[in-house]
Structures are given as structure tokens and as C-alpha cells.
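Each chain, written out:
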Amino acid sequence: MNYGDKHTEDSLVSRLGRLYGIERGLDCGPNIIMDRYWKIWDGGERQDLYAGYYEADFLYITNGHYLYEVEIKISITDFRADQKKNKYHDHPDVRGFYYFVPQELYSKHEDEIKTTCKEKGAGLIVDGYPITTVLKPKIRKDVKPLSDNGYIHYLRLFAKKWVRVREEQQ
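In what follows, the accompanying structure is described. (Residues numbered from 1 in each chain as written. Predicted model: local features only at pLDDT ≥ 70, side-chain atom pairs only at ≥ 80, totals over all residues. Heavy atoms only, no water.)

Here's the deal with the nonpolar core
Okay, step 1: Formed by 17 residues in total, the largest nonpolar core has its most connected members in Leu16, Tyr20, Phe58, Tyr60, Val70, Phe100 and Ile125.
Okay, step 2: Per element, the largest residue contribution to this core is five residues, and it comes from helix α1 (residues 9–23).
Okay, step 3: Excluding anything up to four places from it in sequence, phenylalanine 100 contacts Leu12, Leu16, Val70, Glu71, Ile72, Lys73, Ile125, Val126, Asp127 and Ile131.
Okay, step 4: Counting 13 residues, the second-largest nonpolar core is a separate cluster that includes Phe79, Tyr99, Val101 and Leu124. (Core = buried A, V, L, I, M, F, W, Y, C linked by side-chain atoms within 4.5 Å. Buried < 20%, exposed > 50% of the residue type's maximum accessible area, 1.4 Å probe, protein only. Helix = DSSP H or I, 4+ residues; strand = E, 2+ residues; numbered from the N terminus. Contact = heavy atoms within 4.5 Å.)

Below, the structure is given as C-alpha cells:
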């Protein structure tokens, strides 16, 4: 999945899936649309105080039912562009936010990446052997654990994403 020193978003998602899903036993999923509304099983609808949407590269749910987001960056250009977005990983369900970068990228731009993460309150995970958490994120204290319906909502999204057929495999 790592093609020499050439990482892809899919190769890094797979590494995160193995770490969080298999090694740590947490529920997780790739490429999840974080939007404003979602239906709950009792037929009602939840409305967040959230306008807009974005795609989260990777989400995981802790044993305490808190949702965390991980944004994958494979180049410094991609990392810098993320800092200019209007929507900055601010979904109200997300308790903490991390960047995940390849070791080579981190080694080459360590000061810039760490400084930016600290300024944004983001955590930092580096893909080495082993995967290492370099910085913990600022915890959003106003975020509550997912309700049972919220938990089921994300589990359904995770299941759909893990089992989809990737275009390049067709």
C-alpha cells in the first residue's frame, strides 16, 4: 500500500484503519461526508447548528463514544492549502482533530507542520513504523458523546465506506 516512498491517501487510510479498527478495536471509517442533517432511526431528524459540509478523510469513535477526525496530507502543498479553507474541520460532533502525514513529509517540514498544528489546536500523527502521535489535539469541551442514534448513524456510514468498490479496482 506504500509504493516505495510514494504514499497515497488510500494507503494511509488503510494504515489508520488497521491501527484504530484492528489494533485498538475502535469503530472507524474513511471519507465520510460531514453534513448538517442526518435522519435518526425513530423517524425524526436532528438539525445541527452547522451550515455546510465537508468530507472527513477518516473518523473514529472512542470507547467513550466521542468522535475524532483525522485529515490525511501527503504533500506540503496539500497541507498548506488546507489552512486556507473556509470550513476548517469544525463539525459539532467532532471532539478532536488530527493531521496524519507521512514520515518523509514530517521530516522535511517538521517545524512548519508542528507550528501550524499548535496554532490550529490540531493533533499530529506521523506515519512511521510504528505510527506515532506527535501532538494531541485541543479537546472541544462542548462536544458531548454520541447518542445511541448518533453512534448508529456513524456506524452505518463507516460500513458503507469500507465495503465500497474503489474505482481503480473496477
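Quick word on the environment of threonine 62
Okay, step 1: Structurally, threonine 62 is set in the loop between β4 (54–61) and β5 (67–72).
Okay, step 2: On the accessibility criterion, threonine 62 (22% relative accessible area) is partly exposed.

Some thoughts on α1
Okay, step 1: Spanning 15 residues, α1 covers 20 Å between terminal C-alpha atoms, matching the ideal 21 Å at 1.5 Å per step.
Okay, step 2: Phi for glycine 25, located one or two positions after α1, is positive at around 70°. (Expected span 1.5 Å × (residues − 1).)

Quick notes on the sheet that holds β5
Okay, step 1: Read from one edge of the open sheet, six strands run β1-β4-β5-β6-β7-β8, paired in mixed fashion. Every interior strand has two partners, whereas the edge strands, β1 (27–34) and β8 (132–135), have only one. Between one strand axis and the next, the sheet turns by 35° as a mean value, whatever way the strands run.
Okay, step 2: With four bridges connecting them, β4 and β5 associate as antiparallel partners. Note that in β5 the partner of leucine 59 across the bridge is glutamate 69.
Okay, step 3: Of the strands in this sheet, β1, β4, β5, β6 (94–102) and β7 (123–127) touch α1, which is tilted by about 25° from β4. (Pairing = 2+ DSSP bridges. Axes fitted to C-alpha atoms, helices over the stretch in contact; angles between N-to-C directions.)

Some points on the pairing of β8
Okay, step 1: The pairing of β7 with β8 spans three bridges and is antiparallel. Bridge pairing in β8 links isoleucine 125 to threonine 133.
Okay, step 2: The loop that links β7 with its antiparallel partner β8 comprises four residues.

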